[in-house]
Amino acid sequence: MRFTNRTEAGRLLGERLREHPPEQPVVLGLPRGGVPVAAEVARALGAPLDVILVRKLGMPHHRELAYGAISEDGVRVVHDGVAAAAGAAQDELDETERAARDELRRQAERFRGDRARVPLAGCTAIVVDDGIATGATASAACQVAAAHGAARVVLAVPVAPTDTAARLRGEVDEVVCLDTPAVFFSVGEWYEDFGQTTDEEVVALVGGSPAAGF
């Protein structure tokens, strides 16, 4: 299945979720690309929308090789074997994580401004991205949602590799995925338009949601 763009993917994902509507849903988009998808899901469910902030941790000399992820709350999902195999020094890894935490603070200020997070206690947290490759970022985001007291955590994405989706089903209460191809190279290949989502778009979408009044 290929999607025209993130808006269409979110609309289709929202339709799927409406088949069995979750109780007290709060939709959490992963910036940047997950937010347009999440906005459509929130619209379909009549739910508040917020961002959930997680950064991939890339190897110091090979940024595209992620050895884990970290959230704005300090939750870390780290694959020690990847870092050890790459031979990175601990001080380099520490600096990578410090830079990630600094960027997460800037993102929180930029995307939320003075608004508080949407409370998750007792709710169904629906973590949304535009697709999943390795799953490290999504896994960290779901752990953050659970740490904030969500009664259930649902991971909802348009597309993910078969093996990654299967693994993540063991980490959350439910995975909703429209397509799980066995042959998977990148998220972008499943979209006709996979242009970059801007900070301004994220701010507009989150600021225009019913989150602040929840």
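Preceding block: the structure.
These notes cover the structure that comes with them. The model shown is predicted, which means the values in this text are computed figures rather than measured ones.

Further remarks concern the pairing of strand β1 (residues 25-29). A large share of β1 lies buried, amounting to 5 of its 5 residues. Burial of the side chains of β1 extends over both faces: P25, V27 and G29 are buried on one face and V26 and L28 on the other. As paired strands, β1 and strand β6 (residues 124-128) are joined by 5 bridges and run parallel to one another. Along β6, the bridge assignment pairs V27 with I126. Taken together, β1, helix α2 (residues 34-45) and strand β2 (residues 49-51) form a β-α-β motif whose crossover is right-handed.

For the rest of this paragraph, the subject is the packing of aromatic side chains. Applying the stated rule across the entire model yields 3 aromatic pairs. Summarising the aromatic geometry, the rings of F184 and W190 are spaced 6.3 Å apart at their centres and angled 25° between planes, so their arrangement reads as stacked. Judged by relative accessible area, F184 falls into the buried class, the value being 17%. According to the relative accessible area criterion, W190 is buried, its value standing at 13%. Following the ring pairs from residue to residue traces out a cluster consisting of F3, Y191 and F194. One Lys or Arg, R6, reaches over the ring of F194 and ends 4.3 Å from the middle of that ring.

The rules we used
Residues numbered from 1 in each chain as written. Predicted model: local features only at pLDDT ≥ 70, side-chain atom pairs only at ≥ 80, totals over all residues. Heavy atoms only, no water. Buried < 20%, exposed > 50% of the residue type's maximum accessible area, 1.4 Å probe, protein only. Helix = DSSP H or I, 4+ residues; strand = E, 2+ residues; numbered from the N terminus. Pairing = 2+ DSSP bridges. Right-handed = clockwise from strand over helix to strand, strands pointing away. Phe/Tyr/Trp six-rings, centres within 6.5 Å; stacked < 30°, edge-to-face > 60°. Lys NZ or Arg CZ within 6 Å of the ring centre and 35° of its normal.

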